[in-house]
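Report on the structure
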Amino acid sequence: MSLNIGQLRKDFPILARKVNGKRLVYFDNAATTQKPVQVIERIKHYYTEENSNVHRGVHHLSQLATDKYEHARQFVASYIHAGSAKEIIFTRGTTESVNVVASLFQHLIGAGDEVLITAMEHHSNLVPWQQLCRQQQAVLKVVPINEKGELDMTALKNMITSKTRMFALAHVSNVLGTINPVGEAVKLARKKNIPVLVDGAQAVAHLPVDVTGLDCDFYAFSAHKAYGPMGIGVLYGKEEWLKKLPPYQFGGEMVDQVSFSETTFNNLPYKFEAGTPNVSGVLGMEAALKYIEEKGIGNVRDHEDELLDFATRKLSKTEGIKIIGEAREKTAVLSFVVNGVHPYDLGTLLDQMGVAVRTGYHCAQPVVESFGLTGTVRASFGIYNTLEEVDVFVDALKKSIALLK
Amino acid sequence: MTIQEKQQAVIEEFSIFEDWLDKYAYLIELGKELPLIDEKYKTNQFLISGCQSRVWMHAELKDGKMIITADSDAVITKGIVSLLTRVFSGFSPDEILEADFVFLNTIGLKDHLSPTRANGLQSMMKQIKLYAKVFQLKSNKKSE
């Protein structure tokens, strides 16, 4: 079954609006995706019919909200093939998820220990580890990538040593679109008993995610990059890790018994969820993941591959364009530069023609600079984008280049 | 001409273009016509933060007037930079500090510039005023 994109686009009200008098072509999905009515209505329904604080009250609404909230947790667990709902911690998003793990690992990393990341990491999966290493006098090691933007697996093999305490890598690069061989990387780390954290921010909306299959220890993602609301995301952690690690914020549902001299803490996953949670966000995220599930992630992948191939072919034929990131395994992200033209000028003119792209470092300055650049233009695709939109984009791009050259 | 009159002149210049494309084409032409700044000032010291493209700005006081030179690696920004220097360069620090900055709104470009670029604009304007403030303080000190 293939997707009926024309029909599906009607689920996204914002796509009908105009920008600068032109029909919106939204190619900034790697920054955030638009939201379908199913998600918008779910949040509205929660506040209209179900709003109450969870895990607290004996009254009807509180129990209803708690049921829905915990049901959503189970859904998320099954969506990413976690062992149990206990392994799903709700956070504000990928960045917070990575920061939580980095701060929990403080006690497990000492002077001279090593943390491995890759050369293509987003700042959110780089800076927390860099700062942790600085604080603990540990060493941050960076696994290199080749000129196509693929992870150097041979280097990785050699870089995993008895000193390594953590390996953190992106599932998909937000600049290059590279899909990393996470399963293989985990196997290498597993041989030396090294925990692996996967930044799944750019993966969840585009690829099937199976944390049990990948065998990773932690997996982080945000709802808003997968058609869900902003400000909510997930930290998956293997139960054995989450049991072992201490809580990092205190108060609210995370406690069990409290006296002035002592507190005992609640079980998983509540141990890591201090304070009133973002219930509407969680329900919105559930609706978003259900939306993807209903469309079929395989169909989404096929559709986005078609868009990526088509756009790549068209850009390759355009003079002066260099595509940044040519990995064999790639998804939904197309970064490029135009000879002699500043990405920002292109982004500004494309915007005038209704085409939304991102320009600059994309919060991943080191990888952009490793290609000798101070920025790229990035077109990133989502479920609702069409081949016609790629045509509009490429025409607008050619027009912009002509104006700027 | 006063700063106000110079701003008015820019507004009139842009009023002949109805289409955004023509406005940008003109801005790009203005941008291409520069190098406005001495190469020796294109260093991090003169870089203005807050712009996605890089903008360098230098100012000096000659006979009581501020001479502003600037450059950018993005050509649209360069066009804006050239308008700014045209309007503000050659006036005394007092005049610059008193001036209202209106013309980019009126020529219908500010709305068309993305927020990050608009922020960059703010940073450029702030930098011009900062230079003026410094020169004003210095000359007040001398006259004391």
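Residues numbered from 1 in each chain as written. Chains lettered and ligands numbered in written order. Predicted model: local features only at pLDDT ≥ 70, side-chain atom pairs only at ≥ 80, totals over all residues. Heavy atoms only, no water.

Let us look at helix 14 (residues 387-404) of chain A. An α-helical turn contains 3.6 residues, so a residue and the one three or four places further along point in the same direction. All names here are of chain A. The first and last C-alpha atoms of helix 14 sit 26 Å apart over 18 residues, in line with the 26 Å expected at 1.5 Å per residue. Buried within helix 14 we find E389, V390, F393, V394, A396, L397, S400, I401 and L404. One side of helix 14 carries all its buried residues, which in axial view fall inside an arc of 165°. Structural note: helix 14 exposes E388 and A402 on the side pointing more than 90 degrees away from its buried face. (Helix = DSSP H or I, 4+ residues; strand = E, 2+ residues; numbered from the N terminus. Expected span 1.5 Å × (residues − 1). Buried < 20%, exposed > 50% of the residue type's maximum accessible area, 1.4 Å probe, protein only. Arc of directions from axis to C-beta.)

All names here are of chain A. Taken in spatial order, the 4 strands of this open sheet run 13-14-17-16, and their pairing is antiparallel. Two strands in the sheet have a free side with no partner beyond their single neighbour: strand 13 (321-324) and strand 16 (358-360). Direction aside, the axes of adjacent strands within the sheet are offset by 30° on average. Here 4 bridges tie strand 14 (residues 333-338) to strand 17 (residues 376-380), and the two strands are oriented antiparallel to one another. Bridging from a neighbouring strand, S335 pairs with R378 of strand 17. (Pairing = 2+ DSSP bridges. Axes fitted to C-alpha atoms, helices over the stretch in contact; angles between N-to-C directions.)

All names here are of chain A. As assigned here, chain A comprises domain 1 (5-30 + 297-399) and domain 2 (40-294). Taken residue by residue, the interface counts 34 residues in domain 1 and 31 residues in domain 2. When domain 1 packs against domain 2, close to 2,600 Å² is buried across both sides, 60% of that on carbon and sulfur atoms. Seen at the junction of domain 1 and domain 2, the total is 1 salt bridge. We note a salt bridge from E150 to R328, for which the minimum N-O separation is 3.1 Å. Viewed at the interface, domain 2 and domain 1 are joined by 16 residue pairs in polar contact (both at pLDDT 80 or more). Looking at the side of domain 1 that touches domain 2, the elements with two or more residues in it are helix 11 (297-316), strand 14 and helix 13 (365-370). Here the side of domain 1 that touches domain 2 is built from residues that sort into 20 nonpolar, 6 polar and 8 charged. (Domains from an automatic or database assignment. Contact = heavy atoms within 4.5 Å. Buried area = accessible area lost by both parts, 1.4 Å probe. Salt bridge = Lys/Arg side-chain N within 4 Å of Asp/Glu carboxyl O. Polar contact = N/O pair within 3.5 Å; in protein donor to acceptor, adjacent residues only side chain to side chain. Nonpolar A, V, L, I, M, F, W, Y, C, P; charged D, E, K, R; others polar.)

Interhelical geometry of helix 12 (residues 343-352) of chain A versus helix 2 (residues 20-33) of chain B gives an angle of 165° and a closest axis separation of 11 Å. With respect to each other, helix 12 of chain A and helix 2 of chain B are oriented roughly antiparallel. Considering how the two elements wind past one another, helix 12 of chain A and helix 2 of chain B form a crossing that is right-handed. Two secondary-structure elements touch here, helix 12 of chain A through T348(A), L349(A) and Q352(A) and helix 2 of chain B through W20(B), Y24(B) and I28(B). (Parallel < 35°, antiparallel > 145°, perpendicular 65-115°, else oblique. Left-handed = near helix turned anticlockwise from the far one by under 90°.)

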